[in-house]
Amino acid sequence: MGKWRALFEANLPPFGASEYVQAYEFGPPAVEAEFAAAEEALGFRLHTDLRTMLSEFNGVWRRTEYATTPDIFYLNLDGMVELAARQREVGWEEVFSAGELDKVVFVCAYDGWAQTWALCVEEVAGHPAGSVVYHDHDSTEFEARFPTLAEFVLHGPK
């Protein structure tokens, strides 16, 4: 097991102890062609830690007792590109100032993508590059959550 998966699994509740989540499914590692396509679509090179994590597993899906198919939770490269496009489509780029949406990559989403966590590619509204911020669909700003991607994977939403 690689470093990133071990971090993710370190604080999982024991099997069956979670009220809803029954299992997590890890996507296959991303390959260089997938990175190149995503980076071109996003307009920037992904943070080294994110590239390393996605080289170990490209997305995590949650299977719950109530759903017949798993829901994506930690976004894969396609999901990152899709969510960035969706945020622009619904007008969030007009809400955030100074191109803030161009300075983050969304890495995790929950509740129909209403709650999202993003890795700062560069400093965004006082949040340093490499930190993870949170955005709820009811808010017009990013909230500080974790100083690094590793801390997010270890302690973030599960």
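Everything below is about the structure shown above.
About the criteria used
Residues numbered from 1 in each chain as written. Predicted model: local features only at pLDDT ≥ 70, side-chain atom pairs only at ≥ 80, totals over all residues. Heavy atoms only, no water. Helix = DSSP H or I, 4+ residues; strand = E, 2+ residues; numbered from the N terminus. Buried < 20%, exposed > 50% of the residue type's maximum accessible area, 1.4 Å probe, protein only. Areas by Shrake-Rupley, 256 points an atom, 1.4 Å probe, with all protein chains shown as cover. Phe/Tyr/Trp six-rings, centres within 6.5 Å; stacked < 30°, edge-to-face > 60°. Pairing = 2+ DSSP bridges. Arc of directions from axis to C-beta. Contact = heavy atoms within 4.5 Å. Core = buried A, V, L, I, M, F, W, Y, C linked by side-chain atoms within 4.5 Å. Lys, Arg positive; Asp, Glu negative; His and termini not counted. Salt bridge = Lys/Arg side-chain N within 4 Å of Asp/Glu carboxyl O.

### As for the overall build of the protein chain
Stage number 1. If you tally the helices and strands in the protein chain, you get six helices and seven strands.
Stage number 2. Ordered by position in the sequence, the α and β elements of the protein chain form the string α-β-α-α-β-β-α-α-β-β-β-β-α.
Stage number 3. Within the protein chain, the proportion of its 158 residues that are buried is 45%.
Stage number 4. When the accessible surface of the protein chain is summed, it comes to about 8,100 Å², and 50% of that surface belongs to carbon and sulfur atoms.

### Focus: unusual backbone geometry
Stage number 1. Despite not being glycine, Ala-125 has its phi angle at roughly 45°, a positive value.
Stage number 2. Along the chain, the position of Ala-125 falls in the loop between strand 5 (115–120) and strand 6 (132–136).
Stage number 3. Among the residues examined, Ala-125 registers a relative accessible area of 54% and is labelled exposed.

### Focus on the packing of aromatic side chains
Stage number 1. As enumerated under the stated definition, the model contains eleven aromatic pairs in all.
Stage number 2. Look at Phe-8 and Tyr-24: their rings are 5.1 Å apart centre to centre, the planes differ by 80°, and that puts the pair in the edge-to-face class. Of this pair, Phe-8 sits in helix 1 (residues 3–10) while Tyr-24 is found in strand 1 (residues 21–26), placing the two residues 16 residues apart along the sequence. Each member of the pair, Phe-8 as well as Tyr-24, carries the same accessibility label: buried.
Stage number 3. Seen from their ring centres, Phe-26 and Phe-57 are 5.0 Å apart, and the 80° between their planes marks the pair as edge-to-face. Placement of Phe-26 in strand 1 and of Phe-57 in the loop between helix 3 (48–56) and strand 2 (60–64) is noted, with a sequence separation of 31 residues between them.

### Considerations on the pairing of strand 3 (residues 71–74)
A regular strand carries its side chains on alternate faces of the sheet.
Stage number 1. In terms of strand pairing, strand 2 meets strand 3 through three bridges, oriented antiparallel. Across the sheet, residue Trp-61 finds its bridge partner in strand 3, namely Ile-72.
Stage number 2. Connecting strand 2 to the antiparallel partner strand 3 that follows it, the hairpin turn spans six residues.

### Let's talk about helix 2 (residues 32–42)
Stage number 1. Turning to helix 2, its buried residues number three or more, namely Phe-35, Ala-38, Glu-39 and Leu-42. Looking down the long axis of helix 2, one finds its buried residues gathered within 100° of arc, a one-sided arrangement. Of the residues in helix 2, the exposed ones pointing more than 90 degrees away from the buried face are Ala-33, Glu-40 and Ala-41.
Stage number 2. Tucked into the core, helix 2 has its buried residues touching helix 3, helix 4 (77–89) and strand 4 (104–110).

### Concerning the nonpolar core
Stage number 1. Leu-46, Leu-50, Tyr-74, Val-105, Leu-149, Phe-152 and Val-153 are the most contacted members of the largest nonpolar core, which totals 45 residues.
Stage number 2. With residues near it in sequence (within four places) discarded, Phe-152 still touches Tyr-74, Val-107, Cys-108, Trp-117, Val-132, Phe-146 and Pro-157.

### So, the side chain of Glu-100
Stage number 1. Residue placement: Glu-100 occurs in the loop between helix 5 (92–95) and strand 4.
Stage number 2. No salt bridge is formed by the buried Glu-100; its nearest oppositely charged neighbour, Lys-103, is found at 6.6 Å.
Stage number 3. Apart from residues no more than four positions distant in its own chain, Glu-100 is found in contact with Val-124, Ala-125 and Phe-142.

Remember that the coordinates give geometry; whether it matters functionally is a separate question.
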